[in-house]
Every structure is written in structure tokens, then in C-alpha cells.
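# Working through the structure, step by step
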Number of protein chains: 2
Amino acid sequence: MATIRDAARAKPMDERRPAAERVQRPHAKTTERREAVLKAAMNVFGARGYNKGALVEVAEQAGMTHAGVLHHFGSKEGLLVAMLKYRDGEEVAGVPARAQAEGPAFLAHLVDTVDENTRRRGVVQAYSVLSGESVTDGHPAHEYFQTRLDVLRVKIAGVLGEVSGNTDEQELLDSASALIAVMDGLQVQWLLNPDAVDMPRIVSRTLDEIVARLRAQAGA
Amino acid sequence: MATIRDAARAKPMDERRPAAERVQRPHAKTTERREAVLKAAMNVFGARGYNKGALVEVAEQAGMTHAGVLHHFGSKEGLLVAMLKYRDGEEVAGVPARAQAEGPAFLAHLVDTVDENTRRRGVVQAYSVLSGESVTDGHPAHEYFQTRLDVLRVKIAGVLGEVSGNTDEQELLDSASALIAVMDGLQVQWLLNPDAVDMPRIVSRTLDEIVARLRAQAGA
DNA sequence: ATCGACTTACTTACAAGTCAGTAAGTATGC
DNA sequence: GCATACTTACTGACTTGTAAGTAAGTCGAT
């Protein structure tokens, strides 16, 4: 997104900060309106991707003009980043115990999430599209997915260690990588052919296998 | 890409077919030039994605103008489809025995490919970006990836059956889905953090586990 | 072998549209 | 009265695709 030409075009840093970053927040319904925009962004970026998803369409779905969206988030990139953060926050707020759960509970929640996802196609599509796009040069979500995956890998490796009693760090990280890969990879397959792939069944079976093998290795 | 407006704008069907589809192919170096364009397309679409990848950049890398590219492939969509087909053909031609291999040899070749891919970042990136994009509404590569995954799933399930002696169709297809998911999912993780993920090791270990479990089930 | 008819492989120039971002104004809550 | 939450109007950059022209390759008939 950020090319050399963009830098040349940029105006001297004046008061261009988006509304949300400012100190005061006078209007009562501001948070509400911003959420409407963020939800619209999920729809549009999920359906069309970040590059092809247009601000006008996001704005329309939120009931304002595209300039209104830019008023709130400063730039298209700002909107995407805000949307990603919002999504994370919502998941934590909506299902508070999930991310904080420890041990077996965390793994159970992982499988539950996969099951819920079969009824939330839009969310799955947004995740798959954006994580695919994020590996391109200079994509605004690059860092987000990078740290997300790193954090998740370490977290899962830790829990797998707890559950299995295995202490081989490399083995635990590899297993975590494989589990994440199965979940993410299946999403794409499921989106392209929902009838051919039973995500929850395959994920839970894979998880069982991984834990069983880690236990066996720990015992040996 | 194909909207209602396109249909209205379309000229009466005259001689608008791209060069390649015509009967005669006069110039000797045509195939060579077309290949140069297709390779450029791999680079550009791999680095930026299909939506953000511009024809001008493809053309530049191939040493012509964007109108020249359109002369050969008719449209941007035509170029992408041709590129996808070319890639498949090249793989078969470059490693003739690979796709046709049966039984254990096929599985060994899968792992070999993963290993090779660690030295072909561009190819991996193109595949990951485009397969992610392909789940969006009306993406030109949607059908390509849909059938590619379906074919691969059935093929792998068949080979897993041969190798393990297991005859549970559902189980074999699930295992195939999981194996494909691991390979595809790891690619994204590897692209985002190459040092954190050892693709060949994890894939071959996953494959071993899958075969072992299918054998155990078959024996029971 | 070579001449002429035709096709191919491009180029430059343009059309038409899309998109993010800016500037300036208005209305409304605080 | 002042910042906020917008809107309208506009700009400029970039897009794909088309039209028209030119040079060169190919081929059949001589």
C-alpha cells in the first residue's frame, strides 16, 4: 500500500488524527456508530478482501458516506487495523473465559470455536482472505497475523505440555504449528466446498492424535 | 469481474479472441514471449495478489506494454487462468513422474515438494495469496482451487488407502483433508515467520502419524 | 526465390471508471 | 462557543480495456 509516490503526496503533519484518537469523545453514540462501521468492514473485507473492498461499500452498510468513515479511522489502513483489534476484543468480551482458559479447557474451547465457525461463514471468510493477503509485500495486516500466529503457537504449545506431560519444547511447538495449520487450512477447504469437509470432526480427531502421541513420547 | 455493465459494454462478437486461441501461430518466438508474461504474472500476482497486481507491472517484467499482455491473454482474468494452467503443466513436465506416481512414492514426492518449497518462496507465496483470495465472491481462481482441492483430496485418500490397507472411505478422506490442511496452513505460517516453522519436518511427521493410525484402525 | 496478401505482435493514445484521501462547510450535542 | 460528526464536492492517481496504427513474420502462388 505504501509506495514512494504516497510519501511524496503526503501533507505536512497537521491535525489529521482520526476522531477516536483524540482526547475528548463528546457524542454519546459515537462508539455505537464506530462499531457499525467496524462490522460493515468485517462484511466487506470478508467478502471482497482488503484490496478489493471499497470504503464506499463499508460506509453504505454503516449508513454514512466514505468520508465519514475516514473521519473516524483516518485511512483505509487505519480501519483495517481497528477492525482486527475490535475482533480480538469482541471475542474476549463475548466469551470471556475462552482465551484465558488453561489446560484442557483451552483445547476444548478451541474445538468449540471451530464448531461455532461452521455457523459463521462470514467470519471464517474474513480470516482466510485477510491472512492470505497478509503475506503480500507491505500488507497492513502483516504484523497482526505474524504476532497472532506466534502468540497462538506458544500458547498452544504450553497447554499441550500441561495436558500431555511432555517437556520436549521443539516437539510441543511443532505440534502446535500443525494444529493451527489444520484449523486454518481446513477453513479454506471448507469455504471452497463446505459439504466435503467436516471441520469440527477433523480438528478434534487431529487434536486427540497429537495429545496421544505427546503422552506416549513423554512416557517413553 | 463480470458485471452487468460489462455485458452492456461488450461489442458484438467479432474477432476478439486472444492470439493463443487462434488456429495459426505464425511467429516462432510467440510461445517464448507468452511464457515470459506468465512468469512475470507469477511474480506480480505472487507478490501483490491478483486484485492489487497490475497488468502494467506484469508487462514491464515481460518487456512489453500492458496492451501487449492483453493482446496475448484477452483480459486480466484470462492471464490469471492461463498462469494457473501453465503452473500445473510445468510441474508435471518438470517432474514427470511425480503426479502420476502411485502408493508410497506419491507420498514421498509430496514431502519432497514441501522440502523444495522452502527454497521457492515466490511459488509458495503465490499459492497462499491466490488460494486465500479465491474464496472471495466471484474470484476468477475460485473454480480452479475448488477442483484442485477436490481432486487432490480424492487422490491422497486413495493412496492412503493403498498404503495403510484401511478401507474406511470417510476416514481416508478426513485424513487426506487434514494432510492438505497441514501443508497449506504451514505455508502461511512459514511465510510470516520462516524461522519458527520447519515445514518438511512437521509435514513428514504428520504424514507418518496419519498412516500409522490408519494402519492400526485397519488391523483392529 | 521472391512477391504480395494476410496475420501476428506489438505500440501509443485514449476512454471510462474506481478509489482513497482532502477541503470546506453545516449541524448538533456538550 | 467550541469540538465533534458528519456531508458534499472535488482531486489525482491508477485501473483495465479498446482503437488504431506500424513493423515484421508466415505462407501460398508464382
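One can find the structure itself at the top, above this paragraph.
Described in the following lines is the structure provided in the data block.

Thresholds, definitions, all that
Residues numbered from 1 in each chain as written. Chains lettered and ligands numbered in written order. Predicted model: local features only at pLDDT ≥ 70, side-chain atom pairs only at ≥ 80, totals over all residues. Heavy atoms only, no water. Helix = DSSP H or I, 4+ residues; strand = E, 2+ residues; numbered from the N terminus. Buried < 20%, exposed > 50% of the residue type's maximum accessible area, 1.4 Å probe, protein only. Contact = heavy atoms within 4.5 Å. Phe/Tyr/Trp six-rings, centres within 6.5 Å; stacked < 30°, edge-to-face > 60°. Buried area = accessible area lost by both parts, 1.4 Å probe. Salt bridge = Lys/Arg side-chain N within 4 Å of Asp/Glu carboxyl O. Polar contact = N/O pair within 3.5 Å; in protein donor to acceptor, adjacent residues only side chain to side chain. Axes fitted to C-alpha atoms, helices over the stretch in contact; angles between N-to-C directions. Parallel < 35°, antiparallel > 145°, perpendicular 65-115°, else oblique. Nonpolar A, V, L, I, M, F, W, Y, C, P; charged D, E, K, R; others polar. Least-squares fit on C-alpha atoms with pLDDT ≥ 70 in both.

### As for the overall build of chain A
In terms of helices and strands, chain A carries 11 helices and zero strands. The N-to-C order of helical and strand elements in chain A reads α-α-α-α-α-α-α-α-α-α-α. Here chain A, with 220 residues, has 48% of them falling under the buried criterion. Nonlocal contacts in chain A, meaning residues at least 24 apart in sequence, comprise 65% of its contacts between residues at least 6 apart.

### Side note on the packing of aromatic side chains
Pairs of aromatic rings are described using the distance from one ring centre to the other and the angle between the two planes. Counted under the stated rule, the structure contains six aromatic pairs over all chains. On the numbers, 5.5 Å between centres and 70 degrees between planes, the contact of tyrosine 127 of chain B with phenylalanine 145 of chain B is edge-to-face. With tyrosine 127 of chain B in helix α8 (residues 121–133) and phenylalanine 145 of chain B in helix α9 (residues 142–164), this residue pair connects regions lying 18 residues apart in the sequence. The pair formed by tyrosine 127 of chain B and phenylalanine 145 of chain B is uniform in burial state, with each residue classed as buried. A centroid spacing of 5.1 Å and a plane angle of 85 degrees characterise the contact between tyrosine 144 of chain B and phenylalanine 145 of chain B, whose relative ring orientation is edge-to-face. The buried category is assigned to tyrosine 144 of chain B, whose relative accessible area is 19%. Since its relative accessible area comes to 2%, phenylalanine 145 of chain B is described here as buried. An aromatic cluster of at least three residues, connected via ring pairs, comprises Tyr127, Tyr144 and Phe145 of chain A.

### Concerning the side chain of threonine 206 of chain A
Take threonine 206 of chain A: it is sitting in helix α11 (residues 199–219). Ignoring sequence-local partners within four residues, the contact set of threonine 206 of chain A consists of Val182 of chain A together with Ala178 of chain B.

### Structural notes on the interface of chain A and chain B
With 45 residues of chain A in contact, the opposing surface of chain B contributes 45 residues. With both chains or domains summed, chain A and chain B bury close to 3,800 Å², and 55% of this area falls on carbon and sulfur atoms. Among the residues chain A hides against chain B, the three largest losses belong to Val135, Gln189 and Leu192 of chain A. Together they make up 17% of the total. Counting across the interface, chain A meets chain B through eight salt bridges. At the boundary of chain A with chain B, the tally comes to 18 residue pairs in polar contact (both at pLDDT 80 or more). For the side of chain A that touches chain B, the secondary-structure elements that each account for two or more residues are α2 (30–52), α8 (121–133), α9 (142–164), α10 (169–192) and α11 of chain A. A total of 14 residues in the side of chain A that touches chain B trace back to one element, the largest contributor, which is α10 of chain A.

### Digging into the packing of helix α3 (residues 55–62) of chain B against helix α4 (residues 66–73) of chain B
The packing of two helices is summarised by the inter-axis angle and the distance between the axes. All names here are of chain B. One way to put it is that α3 packs onto α4 with a least axis distance of 8 Å and a crossing angle of 90 degrees. Put simply, α3 runs roughly perpendicular to α4. Two secondary-structure elements touch here, α3 through Leu55, Val56 and Ala59 and α4 through His66, Val69 and Leu70. When grouped by side-chain class, the residues that make up the contact of α3 with α4 number five nonpolar, one polar and no charged.

### Considering the relation of the copies chain A and chain B
The operation relating the pair of chain copies consists of a rotation about an axis and a translation along that axis. Each copy superposes on the other: chain A lies on chain B with an RMSD of 0.1 Å after a rotation of 180 degrees and an axial shift of 0.0 Å. As the rotation angle and translation indicate, the two copies are arranged about a two-fold axis. Mapped onto chain B, 100% of the interface residues of chain A are again interface residues, and the two copies thus contact each other with one and the same surface.

### Brief notes about the environment of proline 140 of chain A
Residues and elements named next belong to chain A. Mapping proline 140 onto the fold places it in the loop between α8 and α9. When its relative accessible area of 16% is taken as the criterion, proline 140 is described as buried. Put simply, proline 140 and tyrosine 50 are 90 residues apart on the chain and 9.3 Å apart in space, counted from C-alpha to C-alpha. Leave out the neighbours within four places in its chain, and proline 140 touches Tyr50, Glu77, Leu80 and Val81.

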